[in-house]
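# Notes for the structure review
Letter by letter, the chains look like this.
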Amino acid sequence: MKKLQLYNSFSNSLEDFVPLDESNIRIYVCGPTVYASPHVGNARPLVIFDILFRLLRELYPKVTYVRNITDVDDKINAKARDRKISIGELTNEVIEEFHKNTALLNVLPVTYEPRATAHIAEMLEIIQKLIDNDFVYESQGHVLFRVRKMPNYGMLSKRNLDDMIAGSRVEIAPYKEDPMDFVLWKPSEEGMPAWNSPWGKGRPGWHIECSAMSRKYLGEQFDIHAGGQDLMFPHHENELAQNFGAFGCIMANYWIHNGMLLVNGQKMSKSLGNIISLDDALRRHDGEIVRYILLSSHYTKTLDWTDKLVAQAKHSLNRLYGALKKGDIKIAGVVENSDNPVLEALCSNLNTPLALHTLHEIADTIYKSTSSDEINELSGQLKNGAALLGLLSKECEEWFRQESKLISEEDIERLIAERKLAKAEKDFRRADEIREKLLEKGIKIEDTSTGTIWRNV
Ligand SMILES: [Zn+2]
């Protein structure tokens, strides 16, 4: 079997992956908080850990992959209030869109997708264990974790408690013994979702849900806990502390974190107006293009989303599909994965840029080759390697047909200007032709008092 190496944030080093139980690999990834459409940065862990899931399935007989849904949160309450809809309506709508988008990204369904609100009893059970073990205290309807009780608190994110307080981005609250203590349970605001508990009606803090759901589906100790780098502190650190307090063990052996995503070198923010929603990206580009972009940088590094990168990804996929088209996949030989260079690259700490590079090398040989036997064999290798990356999943004809339907924004604007001119010259036939042509490309135009606007249909 190929040796898998992963960068473990816990030890800050590259380690050989040694499973707890080779017959069932267990992995937990923190999933979305469902209050609004996610941005493209949120799609990075979805795709990266989908690659890890595909790879583990290739290497081991069974993989249990849990990715939760956070459906209780202040942001959800605020958004539902703003939109004047119920919390249930909002969360169901966002979850439905999330599923649609993960399918477009060719992300495989996970084994379990538990929702926080369906696991309140399991959370209360862990809180009770923490009370029994004297790791928590109750204050003004809140139950708080006493971080000073946790030996080496900060061991995952490599932070020292006193430095954290000196850095003082911590919430000082009258009900806390220490500013670093974090909430496990708190009272709910009037009219907001609330559950019965021994400490009165209330709701869980954020971190406790992942401890409860990972324990229920994977046990108190499992192989891999993963998520975005921004989750390492405080979320993962606090999950780790809770589990240690309740069960006396470190919950996961490997902690894997993906780097952040920038847009044109800047962090996405409302004030900069540079947020690219995933929904928008998937309306403009095929899911495989978005997926390719997200795999183009190594997962531990920051990824910079630029127009150039989008164009490169599109060009690269056209090139790979073009090579595939040259061969006859139906008669391509069966390729053993042991000879798969993509597998090799992924086993080396999920080196997706190298994996993509190997696909291009195969494509290069296909383009140069004149032997149909060789071309067919290499096409099989290309398709097989790409499958591990969740790419080249479409029929070539379908890919190029949809590509030919795509139209650039400059071309849309040019045609709108041409139509305006045709109308001014009273050439209504030409104007209608242009409207039809755009519609064929999936673009609907509308004349308004301030000019012609367009949208995707
Ligand atoms: Zn989590």
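To start, this report covers the structure provided alongside it. Fair warning: this is a prediction, and the values are worked out from it, not measured in the lab. (Residues numbered from 1 in each chain as written. Predicted model: local features only at pLDDT ≥ 70, side-chain atom pairs only at ≥ 80, totals over all residues. Heavy atoms only, no water.)

## Re the overall build of the protein
The helix and strand tally for the protein stands at 16 helices and 15 strands. Across its three principal axes, the protein shows a C-alpha extent of roughly 75 × 65 × 35 Å. A burial count over the protein gives 49% of its 457 residues as buried. Accessible surface for the protein amounts to roughly 21600 Å². Of this, 49% is attributable to carbon and sulfur atoms. (Helix = DSSP H or I, 4+ residues; strand = E, 2+ residues; numbered from the N terminus. Buried < 20%, exposed > 50% of the residue type's maximum accessible area, 1.4 Å probe, protein only. Areas by Shrake-Rupley, 256 points an atom, 1.4 Å probe, with all protein chains shown as cover.)

## So, the layout of surface pockets
Considering only enclosed or pocket space, the second largest pocket measures out at about 970 Å³ in volume. Taken together, 31 residues make up the lining of the second largest pocket; nearest its centre are Arg283, Arg284, His285, Leu406 and Ile407. Among the secondary structure elements, those contributing two or more residues to the lining of the second largest pocket are α8 (278-284), α10 (307-326), α14 (396-405), α15 (409-424) and β15 (451-456). In terms of residues, the lining of the second largest pocket owes the most to one element, α8, which gives 5 residues. Among the residues forming the lining of the second largest pocket, the class breakdown is 14 nonpolar, 7 polar and 10 charged. For the lining of the second largest pocket, the two domains that each supply at least three residues are domain 2 (262-405) and domain 3 (409-456). (1 Å grid on protein atoms, 1.4 Å probe; cavity = no way out; pocket = protein on both sides within 12 Å on 5 of 7 lines; lining within 4 Å. Points joined across faces, edges and corners; volume = space filled by probe spheres on them. Nonpolar A, V, L, I, M, F, W, Y, C, P; charged D, E, K, R; others polar. Domains from an automatic or database assignment.)

## Side note on the coordination of the zinc ion
Protein-derived coordination of the zinc ion comes from Cys30 (SG), Cys210 (SG) and His235 (NE2), at a distance range of 2.0 to 2.2 Å. Each donor residue of the zinc ion lies on one chain, and together they are spaced C-x179-C-x24-H. A residue pair is termed long-range when its members are at least 10 positions apart, and Cys30 in the loop between β3 (25-29) and α1 (40-59) and His235 in helix α7 (residues 232-247) qualify at 205 residues. The exposure class of Cys30 is buried, given its relative accessible area of 12%. (Donors = N, O, S within 2.8 Å, 3.2 Å for Na, K, Ca; no water.)

## Quick look at the environment of Arg203
Inspection of the secondary structure puts Arg203 in strand β8 (residues 202-204). Considering only alpha carbons, one finds Arg203 and Met155, 48 residues apart in sequence, at a separation of 28 Å.

## A closer look at the packing of aromatic side chains
Working definition: an aromatic ring pair is given by the centre-to-centre distance plus the angle between the planes. Under the criterion given, the structure shown has 9 aromatic pairs. Ring centres of Tyr28 and Phe222 lie 6.4 Å apart, and the angle between their planes is 50°; this geometry places the pair in the tilted category. You can see Tyr28 sitting in strand β3 and its partner Phe222 sitting in strand β9 (residues 222-228), a full 194 residues away along the chain. Assigned by exposure class, Tyr28 and Phe222 land together as buried. Measuring from ring centre to ring centre gives 4.9 Å for Phe53 and Tyr65, while their planes differ by 65°; the resulting arrangement is edge-to-face. Taken together, the positions of Phe53 in helix α1 and Tyr65 in strand β4 (residues 63-67) put the pair 12 residues apart, joining distant regions of the chain. The class of Phe53 is buried, set by a relative accessible area of 4%. Residue Tyr65 is classed as buried on the basis of its relative accessible area of 1%. Pairwise contacts between aromatic rings join Phe17, Tyr60 and Tyr254 into one cluster. Across from the ring centre of Phe135, 4.7 Å away, lies the NZ or CZ of Lys149, which sits over that ring. Across the ring face of Phe10, the terminal group of Lys158 is positioned such that the distance to the ring centre comes to 5.7 Å. (Phe/Tyr/Trp six-rings, centres within 6.5 Å; stacked < 30°, edge-to-face > 60°. Lys NZ or Arg CZ within 6 Å of the ring centre and 35° of its normal.)

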